[in-house]
Number of protein chains: 2
Amino acid sequence: MPKPALLLPVPASPPGRVQRVTKESTRDKVYTSLRNAILSGRLRCGERVKEIPLAEELGVSRAILREAMQQLVHEGLLEFNSYRGARVIELRPEQIDEIVEARILLESRAVRLATERIHNAQREELNAFEKQLQREKDPLRAGQSDFRLHQRIWQISGHATIEKLLIQLTSPLFAMSLLMRSKETRDHHASSPLPRGTHKRLIEAICQGTPNDATNELEAHLTENWTAIRRRVAEFIAREEAEKL
Amino acid sequence: MPKPALLLPVPASPPGRVQRVTKESTRDKVYTSLRNAILSGRLRCGERVKEIPLAEELGVSRAILREAMQQLVHEGLLEFNSYRGARVIELRPEQIDEIVEARILLESRAVRLATERIHNAQREELNAFEKQLQREKDPLRAGQSDFRLHQRIWQISGHATIEKLLIQLTSPLFAMSLLMRSKETRDHHASSPLPRGTHKRLIEAICQGTPNDATNELEAHLTENWTAIRRRVAEFIAREEAEKL
DNA sequence: AATTGTCTTATTGTCGACAATATTACGAAT
DNA sequence: ATTCGTAATATTGTCGACAATAAGACAATT
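Residues numbered from 1 in each chain as written. Chains lettered and ligands numbered in written order. Predicted model: local features only at pLDDT ≥ 70, side-chain atom pairs only at ≥ 80, totals over all residues. Heavy atoms only, no water.

Undergrad: Sorry if this is basic, but what is going on with the interface of chain B and chain A here?
TA: Think of interface size as the accessible area that goes away when the parts come together; that is how it is often given. With 30 residues of chain B in contact, the opposing surface of chain A contributes 31 residues. When chain B packs against chain A, the two sides together hide about 3,100 Å² of surface, and 49% of this comes from carbon and sulfur. One can count four salt bridges joining chain B with chain A. The salt bridge partner of A:Arg109 is B:Glu101, with a shortest N-O separation of 2.5 Å. Our count for the contact surface shared by chain B and chain A stands at 11 residue pairs in polar contact (both at pLDDT 80 or more). (Contact = heavy atoms within 4.5 Å. Buried area = accessible area lost by both parts, 1.4 Å probe. Salt bridge = Lys/Arg side-chain N within 4 Å of Asp/Glu carboxyl O. Polar contact = N/O pair within 3.5 Å; in protein donor to acceptor, adjacent residues only side chain to side chain.)

Undergrad: How do you make sense of the side chain of B:Arg103 when you look at a structure like this?
TA: Residue position: B:Arg103 is located in helix α4 (residues 93-117). What B:Arg103 contacts, discounting residues up to four positions off in sequence, is B:Ser108, B:His150, B:Trp154, B:Leu166, B:Leu169, B:Thr170, B:Leu173, B:Leu222 and B:Trp226. (Helix = DSSP H or I, 4+ residues; strand = E, 2+ residues; numbered from the N terminus.)

Undergrad: Is there a simple way to explain the environment of B:Arg201 in this structure?
TA: Residue and element names in this part refer to chain B. Its place among the elements puts arginine 201 in helix α8 (residues 197-208). Sequence separation of arginine 201 and aspartate 213 is 12 residues, and the distance between their C-alpha atoms is 8.7 Å. Reaching out from arginine 201, the side chain makes a polar contact with the side chain of glutamate 217 at a distance of 3.2 Å.

Undergrad: What is the right way to read the environment of B:Thr210 from this model?
TA: All names here are of chain B. Among the structural elements, threonine 210 can be located in the loop between α8 and α9 (211-244). Along the backbone, threonine 210 and arginine 112 are 98 residues apart, and their C-alpha atoms lie at a distance of 8.6 Å. Each residue touching threonine 210, except ones within four places of it in the same chain, is listed here: Thr115 and Ala205.

Undergrad: Looking at this model, I keep getting lost on the relation of the copies chain B and chain A. Mind explaining?
TA: Each of the two chain copies can be brought onto the other by rotation about an axis and movement along it. Structural alignment of chain B on chain A gives an RMSD of 0.1 Å, achieved by rotating through 180 degrees and translating 0.1 Å along the axis. Taken together, the rotation angle and the small translation identify this as a two-fold axis. Distance from the rotation axis, computed per C-alpha, reaches its smallest value in chain B at B:Glu67: 2.8 Å. Most of the interface of chain B is mirrored in chain A: 100% of its interface residues are interface residues there too. (Least-squares fit on C-alpha atoms with pLDDT ≥ 70 in both.)

Undergrad: Would you mind showing me how to read the packing of α4(B) against α8(B) here?
TA: To describe two helices that pack against each other, one gives the angle between their axes and the distance between the axes. Residue and element names in this part refer to chain B. Their axes nearest at 7 Å, the elements α4 and α8 cross at an angle of 45 degrees. In terms of orientation, α4 lies oblique with respect to α8. In contact with Val111, Ala114 and Thr115 of α4, α8 contributes Leu202, Ala205 and Ile206. The residue makeup of the contact of α4 with α8, split by class, is five nonpolar, one polar and no charged. (Axes fitted to C-alpha atoms, helices over the stretch in contact; angles between N-to-C directions. Parallel < 35°, antiparallel > 145°, perpendicular 65-115°, else oblique. Nonpolar A, V, L, I, M, F, W, Y, C, P; charged D, E, K, R; others polar.)

Okay, structure coming up:
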């Protein structure tokens, strides 16, 4: 009897719930697993999430699964329709624009703060992250490393509020980028990797304490990356519409 | 037998859940009631929220109440500690600073967009809101009108993502301002009303299509208002600390 | 054959009860 | 009197079952 197949190690750390020393609750474990399943592409965008099979697979009751799902709804990764079940979020191009715009606003400030507050140990850590990201072959793992790198910058900024908002904004974006990657693979397109050069310049600017350079690099990086993804999303939607007719 | 005393009309509309035509679920009703209870001061900041009595008062099961509470945790109005219950959020002065800073970042953009996109009917509506706010005697109702006015501006901006984030950021702030007001009343201080002149200038700038003026007014308004509240929060915390010793 | 109404079934919404844990009260030892 | 350990209690964490609803199958009617 195959037990929890979704219960796997966590790639990207969950948002800043300041848990006490008490042991992790079942709900939090379920939440982490489910979030992980979406952010690793095992649950794809637009996919229906049925409660009973999922609860059985995870070995928990539906009540606790629903609480975890509720959290994911607020994190922007799931969508509920009453009596019609939950689906993994699927963003329209205009929503991607909105999210990226908000993200640039908030992350610019985070990067500026990080530039001011970073310590030497953290400088080394960021550079190590970046080198690891450069070496990463697998596009999925590269995407996750990218997410982690940004999250680390947000942490260094020391602005917990902005950090929380950025996690919320970025999670659905990341899920969509995974979806695009998988659809490209299916349709025999070239899997386009992240632009990695901009990372290097961003990190250098943060470490060297030049906040204006850092925010400029950030904005260029985000705009470049996500206009590309936005275009592909729009193309796929257009193709799907065409197939319907 | 006194039934749902917390089930009362909604002062501030809940965040943008795009409900289908289906009837409102019990969970959503509970969520609205609870949110309303916090945002009207019936449940005060720092107050413990026990599940069993509350579920009985609302006439629902604990499971559904917990789902609604989960939503409020993500909206920043409740705090969970495992096996130690939920409390209404209580912000430290530094958190107020963080939230206000993030709010200024996002709301500036919202105001700028609103300035560009506003229609004539909405201009009249905003002015009517503002006049109503001027006339409002009761500080609690004035605060709620203020919240509604800002929310209306966010809606006019047409940026759903920023609107959602702003609701999330502002809700705990509003709850704290209510707490301050009630504590002031208890301690026989003068209940300090919102600075209303800045509202007028903000709305005028939005209606006249001068985005720079509008964002300047907004920043001044928010900074002025919340540094005052922040100071009072700090004073109360200091007083409480002193009483302990 | 197409359409519409009914019935079945799959899935979600809600509930009450039991298990696990923290808090409190209380008594014994120092 | 104080402190520490232990039991009682209150509260939360988790579960399985029943009710309400939507989606799909199927037959009767035109």
